[in-house]
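# Observations on chain architecture
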Amino acid sequence: MNRRLIVAGNWKMNKNLMEAFTLASGVLAKAKKMSNKVEIVLAPPAPYLHTINSMSKDIAHVNIAAQNCHFESNGAYTGEISAEILHSMKIAYVILGHSERRKYFQETHEILAKKVTTAVKAGMKIIFCCGEPLEIRKSEREESYVLKQLEESLFHLSEAEMQQVVVAYEPIWAIGTGETASPSQAQDMHQFIRMQIAEKYTSEVADACSILYGGSCKPSNAAELFAQKDVDGGLVGGASLQAEDFLQIIQARAKQA
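Given the structure is predicted, the values throughout are model-derived calculations rather than measurements.

## Comments concerning the overall build of the protein
- For the protein, the count of helices and strands is 12 helices and eight strands.
- In terms of C-alpha radius of gyration, the protein reaches 17 Å, essentially the compact-globule figure of 18 Å for 257 residues.
- Overall size of the protein, expressed as C-alpha extent along the three principal axes, is 45 × 45 × 35 Å.
- Relative to its full complement of 257 residues, the protein shows a buried share of 53%.
- The long-range share in the protein, meaning contacts at least 24 apart out of those at least 6 apart in sequence, stands at 72%.
- Of the roughly 11,700 Å² of accessible surface on the protein, 51% is carried by carbon and sulfur atoms.
- Here the protein contributes 27 positively and 29 negatively charged side chains, and the mean placements of these two sets differ by 6 Å.

Listed below in structure tokens is the structure:
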């Protein structure tokens, strides 16, 4: 398998200045000594991006992600950050389509398609989130729901552009709830996503695409999740706010590399 194994930590809107740098320092000090088979991605709040990126620049297998970007490359959009700005700061990734952005900021498939296009053109790599709420899972419509997200926000990309994309499956019913998709549920959806990428592009593109699990991944379940054939890593929320928990998840991924 030539897919990148990735563990990404999405800090969301947490940590004040000193807490953020303490957390980053703790993770980076251990990351230096860890296997480079696993790519570590940190997604701190935007004000900390530049400093934490500088702190990590000597560790080849660590990259930094922004949690969002605007769909225009520049302009009169007070308070927003463009992919061009992020790229100029040498930020490697941007997370797009997170369920919280969809829910609280009404980000539609159309808006996300524009963001994806802008980020790709700026030369950034994307962690594209998709996933279903509880009522969709209960009515067994999760596959058609996720496919629509992919088709309307991602599948306009060319084959070459698609290679800049990492997909993160986040069952919305398992985010911040303590609930987790079972390993078999996670595997089934990851396999389904990979099959859809293969159908739209090629099996080579699909096989090379890293697909991360993003629903309450923690030290206690990481090894079991990462044992699944199509689960290439995790997009970690709450557990990434504690250095030791996050490092244990990274180690769980490295052990099965």
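## Quick word on unusual backbone geometry
- Of note, Lys-12 is a non-glycine position whose phi angle comes to about 55 degrees, a positive value.
- Along the polypeptide, Lys-12 turns up in the loop between strand E1 (5-10) and helix H1 (17-31).
- Positive phi values are uncommon outside glycine, yet Lys-90 reaches one of about 65 degrees.

## Comments concerning the side chain of Thr-118
- Inspection of the secondary structure assignment puts Thr-118 in helix H5 (residues 109-121).
- Of the residues examined, Thr-118 reaches a relative accessible area of 14% and is grouped as buried.
- A polar atom in the side chain of Thr-118 sits 2.9 Å from the backbone oxygen of Lys-114.
- Ignoring anything within four residues of it in the chain, the contact list for Thr-118 reads His-70, Phe-71, Glu-72, Ser-73 and Ala-83.

## Overview of the pairing of strand E4 (residues 93-96)
- Covered by surrounding structure in E4 are Tyr-93 and Ile-95 together with Val-94 and Leu-96, the residues of both alternating faces.
- Note: strand E3 (residues 62-66) against E4, two bridges, orientation parallel. Paired with Ala-66 across the bridge in E4 is Val-94.
- Handedness of the crossover joining E3 and E4 through helix H3 (residues 83-88): right-handed.
- Here E4 runs beside strand E5 (residues 125-130); their pairing, made up of four bridges, is parallel. Each bridged residue has a counterpart across the sheet, and for Tyr-93 the counterpart in E5 is Lys-125.

## So, the sheet that holds strand E8 (residues 233-236)
- Pairing is parallel in the closed barrel, where eight strands are placed in the order E1-E2-E3-E4-E5-E6-E7-E8. On average, adjacent strands in this sheet sit at an angle of 30 degrees to one another, irrespective of strand direction.
- Sheet topology note: the E1/E8 ladder contains four bridges and is parallel. Bridge pairing in E8 links Gly-9 to Val-236.

## Thoughts on the environment of Asn-16
- When you line up the elements, Asn-16 lands in the loop between E1 and H1.
- According to the relative accessible area criterion, Asn-16 is partly exposed, its value standing at 42%.
- Remark: the alpha-carbon pair of Asn-16 and Gly-237, spanning 221 residues in sequence, is separated by 17 Å.
- At 3.2 Å, the side chain of Asn-16 and the backbone nitrogen of Met-18 are in polar contact.

## A few points about the pattern of salt bridges
- Scanning the entire structure with this criterion turns up 11 salt bridges.
- Across the pair Arg-3 and Asp-232 runs a salt bridge, and its minimum N-O distance is 2.8 Å. Linking Arg-3 in the segment before E1 with Asp-232 in the loop between helix H11 (219-226) and E8, this pair joins segments that are 229 residues apart in sequence. With respect to burial, Arg-3 and Asp-232 carry one shared label: buried.
- The partner of Arg-101 in a salt bridge is Glu-107, with the nearest N and O atoms 3.0 Å apart.

## What to know about the pairing of strand E2 (residues 38-43)
- For E2, a buried count of six out of six residues is recorded, marking the element as mostly surrounded by other parts of the structure.
- A two-sided burial pattern is seen for E2, the buried positions comprising Val-38, Ile-40 and Leu-42 on one face and Glu-39, Val-41 and Ala-43 on the other.
- Strand direction decides the pairing type here: E1 and E2, joined by six bridges, are parallel. Within E2, the position partnered with Ala-8 by the bridge is Val-41.
- In this fold, E1 hands off to H1, which returns the chain to E2; that crossover is right-handed.
- When E2 meets E3, the two strands line up parallel, connected through three bridges. For Ile-40, the partnering residue across the bridge sits in E3 and is Val-62.

Thresholds applied
Residues numbered from 1 in each chain as written. Predicted model: local features only at pLDDT ≥ 70, side-chain atom pairs only at ≥ 80, totals over all residues. Heavy atoms only, no water. Helix = DSSP H or I, 4+ residues; strand = E, 2+ residues; numbered from the N terminus. Rg over C-alpha atoms; globule rule 2.2 N^0.38 Å. Buried < 20%, exposed > 50% of the residue type's maximum accessible area, 1.4 Å probe, protein only. Contact = heavy atoms within 4.5 Å. Areas by Shrake-Rupley, 256 points an atom, 1.4 Å probe, with all protein chains shown as cover. Lys, Arg positive; Asp, Glu negative; His and termini not counted. Charge placed at Lys NZ, Arg CZ, Asp CG, Glu CD. Polar contact = N/O pair within 3.5 Å; in protein donor to acceptor, adjacent residues only side chain to side chain. Pairing = 2+ DSSP bridges. Right-handed = clockwise from strand over helix to strand, strands pointing away. Axes fitted to C-alpha atoms, helices over the stretch in contact; angles between N-to-C directions. Salt bridge = Lys/Arg side-chain N within 4 Å of Asp/Glu carboxyl O.

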